[in-house]
Amino acid sequence: MILVCLVHIERGKLAMQKNANSPFSLQPQQLYQSCDLDQFTFQTTDDLDDLTGIIGQMRAMDAVRFGTGIRHDGYNLFVLGPSGTGKNSMVRRFLEQKAGGESKPDDWCYINNFAQHHQPLMLRLPSGRGEELRSRMEQLVEYLRTAIPALFEGDEYRAKAGVIQEEFSKRQEQAFNELGEAAEKQQIALLRTPEGFAFAPMRDHEVIPPDEYEKLPEDERTQVETAITGLQEKLEKIMRQMPQWRKERHERVKQLDRETTLSAVDHLVNEIKESYAELPEVMNYLDQVRQVMVDNADDFRKQEESATVGGMTMVTHQTFHQYKVNVLVSNGKQPGAPIVSEDNPSYANLVGRVEHVSQFGALVTDFTLIKPGALHRANGGYLLLDIRKVLSQPFAWEGLKRALQSKEIRIESLGQMYSLVSTVSLEPQPIPLDTKVILFGDRMFYYLLQEYDTEFGELFKVAADFEERIERNADTHQLYAQLIATLARKEELLPFDRNAVSRVIEHSARLVGDAERLTMHMRSVADLLREADYYSREAGCKVVEATNVQCAIDAQIRRQDRLRDRLYEAILRDTLVIDTQGAVTGQINALSVISLGDFSFAQPTRITATTRLGDGEMVNIEREVKLSGAIHSKGVLILSSFFASRYAKNQPMAFSASLVFEQSYGMVDGDSASLAELCVLLSNLATAPIRQSLAITGSVNQLGLAQAIGAVNEKIEGFFDICVARGLTGDQGVVIPAANIKHLMLRRDVIAAVDAGRFNIYAVESVDQAVSLLTGLPAGEANAKGVYPAGSINRKVADRLVELTEIRMSFARRMGKKPEAKKKRIDQV
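Conventions adopted
- Residues numbered from 1 in each chain as written.
- Predicted model: local features only at pLDDT ≥ 70, side-chain atom pairs only at ≥ 80, totals over all residues.
- Heavy atoms only, no water.
- Helix = DSSP H or I, 4+ residues; strand = E, 2+ residues; numbered from the N terminus.
- Rg over C-alpha atoms; globule rule 2.2 N^0.38 Å.
- Buried < 20%, exposed > 50% of the residue type's maximum accessible area, 1.4 Å probe, protein only.
- Pairing = 2+ DSSP bridges.
- Axes fitted to C-alpha atoms, helices over the stretch in contact; angles between N-to-C directions.
- Contact = heavy atoms within 4.5 Å.
- UniProt positions renumbered as here; feature names shortened; annotations may be inferred.
- Domains from an automatic or database assignment.
- Phe/Tyr/Trp six-rings, centres within 6.5 Å; stacked < 30°, edge-to-face > 60°.
- Salt bridge = Lys/Arg side-chain N within 4 Å of Asp/Glu carboxyl O.
- pLDDT = per-residue confidence, 0-100.
- Polar contact = N/O pair within 3.5 Å; in protein donor to acceptor, adjacent residues only side chain to side chain.
- Parallel < 35°, antiparallel > 145°, perpendicular 65-115°, else oblique.
- Left-handed = near helix turned anticlockwise from the far one by under 90°.
- Nonpolar A, V, L, I, M, F, W, Y, C, P; charged D, E, K, R; others polar.

Draft legend 1. Up close: the overall build of the chain. For the chain, the count of helices and strands is 28 helices and 33 strands. For 829 residues, the compact-globule estimate of 2.2 N^0.38 gives 28 Å, and the chain exceeds it by more than 25% at 48 Å. Overall size of the chain, expressed as C-alpha extent along the three principal axes, is 165 × 80 × 50 Å. Sorting the 829 residues of the chain into buried and exposed places 47% on the buried side.

What follows is the structure, given as structure tokens:
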């Protein structure tokens, strides 16, 4: 409040110093709004508490609080504002406080789908239970790897398996014995040969040799063959029964294996089930695991397999991956809801991916190779993303929107999605999504997405717009001091004394180019504090002083001012021609600004104007060669409107003019030179020389009123530096719009020069004040009949236009034509 009162007092003095139509010179105290040290009761920032609140961002933080609190679809947030304002850290700090009191989200796992291996199933478990289940399953498998082989190698299993084998052998032996006895009764022998069973005739319990068999009577041989044929049929019947007997034996052995395996598995699985009795999905999964383990007991008995590939013997080991639990996200260790920030938001990093491994030259995968994305990790919490990075990643933005719209995370391979690869992959079951997505970015991205992406407004309904500046008063000074104290302790810097704090606050106002505002670009403030701390330590100081802060400011400028020095060198060597003394008709010094990254500086520019007999055409040479931006071209057309409304209400515009930025070789845009252009045109028409010791900046409207422009401090200091290099005479100065007085935060050397009367800064409210100051002639006000005083600028201009009109009328009479004023649309640019 103290600062605001001082500003009003100075403005009151200012109003008393000036007349209605005369320019005025600014006093040193109007050029810089100092920070009053008496308002601070501390000596150093060590005496101050940490800043617990947030300065000047109530609108944005209310939006953040609303967006994170409402639990309806589409209420995700977009945090607007330039980088460096601290919006990320402020939002994260708010979320950490909010998320700490929220319940932990569930764990998410993927398990094997024993029915369809390419479609893994998701499993939802209470927070922390996912890791527990994975650990218990690993312990189960590890135990069974030794327990099951031990059971199968034990005496009990061997005895039971022996009984089954013995029963089979007895049945087989009994069948062959019965067949042999039947054959023996018919004097036929049942012989066992390497090729199988055979029948042969006997006599006296001995096989008849083939040669003797041929000597037997025909009827006897026929009797033998008939008997053998019947026995052969019985043998074939037995042989047909043997596969069935083997199958029965195999089934009984397999059943024994199941029972043996079940004796090892059942009680262990039941123990796990007892811990998850309230989770039917886990119970069902454990039942399936038990069944698959029992059905595939051989996997545990034969844990190594060998295969020959290309003449090489490869030994593979059973990994038992099918029984693993892939814990995708576990929230057991962290308190509250998760806060996830993804610095590389590619498609795979957002929605997850399925990895592959190489085996025998082929790429294979399984559910254990499913990897989570940022959406999985932030499920049930908050996901923070930079919109620029998201939009720069292929398919990432579409993938994010698809997940938010469907409210589920579906892991899909881009290669398969667009048929780019034929590698076999998985189709994991989608996981339900419940998260708040918070995007950070410049305002340009927000408004472009609002305009061109129809889905954006449905998904991101809350905008949190962060301020770039705050009002400067005694309260914000105190808060800023606390902010400096907080940053100093956080960064482990030396304490700042109150003079240093005051200097930081003043520089903060300079950064926003407004004596009544303070910057919220926290990165610039933090950088200044760190650099001031460095110079303070270099000087061996115990605390950071104002001189250290100033040293850091000067060093920041010095590191970036090489191009400025080269430009000013070209002016001082008359390569770029800028006069700082004398008076010239139709020539004026304007001021433009060049921005290179975070550094801006002024470039004095000469503007010249010529006028001639014509039909009101205003030629903007920059526009003719396509070096003029739309705003600059608009400013030139406003000049045409000004001349028409003031001097040609009842007569045609009988002159044409040309304007040019001399020695300008790039684009010209903006309207901050329109006041200078208007003054130089009036100078040419009135044949009134303009003082080259002055430079002018400002915008102008159709009524001739001066309007505020940007970078007024840089512009003043730029012309001042040129004048200092050539020598100050006391006649030099800069003319600015009166609306820019509140923006002045000039360097101390400029203020000192003004205080000593060696440099001047003038503020004007209209073109009349400006041209009067520049030419030394009164502008003149029209009387009731619209006539301007003799000797005034406006009178000279009006007389010149009347003269040109008479010349044009006379020329038209001689040519026998009636003059017609050429009409020109104001809205053409």
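Draft legend 2. Up close: the sheet that holds strand β11 (residues 339-341). Read across the sheet, 5 strands follow the order β11-β16-β19-β2-β20 without closing on themselves; strand pairing throughout is parallel. Either end of the sheet is taken by a strand with one partner, and the two such strands are β11 and β20 (462-465). The mean angle between the axes of side-by-side strands here comes to 20°, regardless of whether they run parallel or antiparallel. Sheet topology note: the β11/strand β16 (residues 382-386) ladder contains 3 bridges and is parallel. Each bridged residue has a counterpart across the sheet, and for S341 the counterpart in β16 is L384. Running over the sheet, helix α2 (residues 58-69) touches β2 (77-80), β16, β19 (436-441) and β20 and is turned about 155° from β20. Sitting on the sheet, helix α3 (residues 87-99) touches β2, β11, β16 and β19, and the angle it makes with β19 is about 165°.

Draft legend 3. Just the UniProt feature "coiled-coil region" (unreviewed entry) in the chain, in detail. Taking the UniProt record as the reference, the feature "coiled-coil region" (unreviewed entry) is found at residues 221-248. Helix and strand shares over residues 221-248 are 100% and 0% respectively, and the end C-alpha atoms of the span are 40 Å apart.

Draft legend 4. Broad picture of the sheet that holds strand β26 (residues 618-620). What the 8 strands build is an open sheet, ordered β1-β33-β32-β29-β24-β25-β27-β26; its pairing is mixed. Pairing within the sheet leaves two strands with one partner each, and these edge strands are β1 (24-25) and β26. Here strand β29 (residues 694-696) pairs with strand β32 (residues 733-737) via 3 bridges, running parallel. Note on β32: the bridge partner recorded for I696 is V735. Lying over the sheet, helix α28 (residues 793-815) contacts β25 (599-613) and β27 (655-661), oriented at roughly 40° with respect to β25.

Draft legend 5. Highlighting the domain arrangement of the chain. The domains assigned to the chain are domain 1 (22-56 + 468-563), domain 2 (67-105 + 331-465), domain 3 (132-301) and domain 4 (576-811). When each unit is reduced to the centre of its C-alpha atoms, the spacing between domain 2 and domain 4 is 54 Å.

Draft legend 6. Local environment of the UniProt feature "domain: Lon proteolytic" (unreviewed entry) in the chain. The UniProt record marks residues 582-777 with the feature "domain: Lon proteolytic" (unreviewed entry), using the residue numbering of this structure. Summarising residues 582-777: 34% helix, 29% strand, and an end-to-end C-alpha distance of 16 Å.

Draft legend 7. Focus on the packing of aromatic side chains. The tally for this structure, following the rule as stated, stands at 20 aromatic pairs. The interplanar angle of 40° and the centroid separation of 6.4 Å between the aromatic rings of F114 and Y323 together place this pair among those described as tilted. Placement of F114 in the loop between β3 (107-111) and β4 (121-125) and of Y323 in the loop between β9 (312-317) and β10 (326-329) is noted, with a sequence separation of 209 residues between them. The burial state of F114 is the same as that of Y323; both residues are buried. The interplanar angle of 85° and the centroid separation of 6.3 Å between the aromatic rings of F642 and Y647 together place this pair among those described as edge-to-face. Exposure class is identical for F642 and Y647. Each is buried.

Draft legend 8. Broad picture of the pattern of salt bridges. All chains considered together, the criterion is met by 45 salt bridges. For the salt bridge of E468 with R443, the shortest nitrogen-to-oxygen distance reads 2.6 Å. Here E468 is found in the loop between β20 and β21 (469-471), whereas its partner R443 is found in helix α15 (residues 443-452), with 25 residues between them in sequence. We classify E468 as partly exposed; its relative accessible area is 38%. According to the relative accessible area criterion, R443 is partly exposed, its value standing at 23%.

Draft legend 9. Molecular detail of the confidence of the model for the chain. Summing up the model confidence of the chain, the mean pLDDT is 86 and the portion of residues at 70 or higher is 92%. Under a pLDDT of 50 for its full length, residues 819-829 has, in the predicted model, 16 contacts with residues more than four places off or in other chains.

Draft legend 10. Expanded view of the side chain of Q732. Structurally, Q732 is set in the loop between α25 (712-726) and β32. In this structure the side chain of Q732 is engaged in a polar contact, spanning 3.3 Å, whose partner is the backbone oxygen of G727. Setting aside anything within four residues of it in sequence, one finds Q732 in contact with T580, S693, L694, C723, G727, R758, F759 and N760.

Draft legend 11. Fine view of the packing of helix α21 (residues 562-572) against α25. Close contact between α21 and α25 brings their axes to 11 Å; oriented N to C, the two are set at 50°. Considering their axes alone, α21 and α25 lie oblique with respect to each other. At the point where α21 passes α25, the crossing takes the right-handed sense. Only G718, D721, I722, A725 and R726 of α25 make contact with α21, whose side of the interface consists of R564, Y568, I571 and L572. Split by residue class, the contact of α21 with α25 holds 5 nonpolar, 1 polar and 3 charged.

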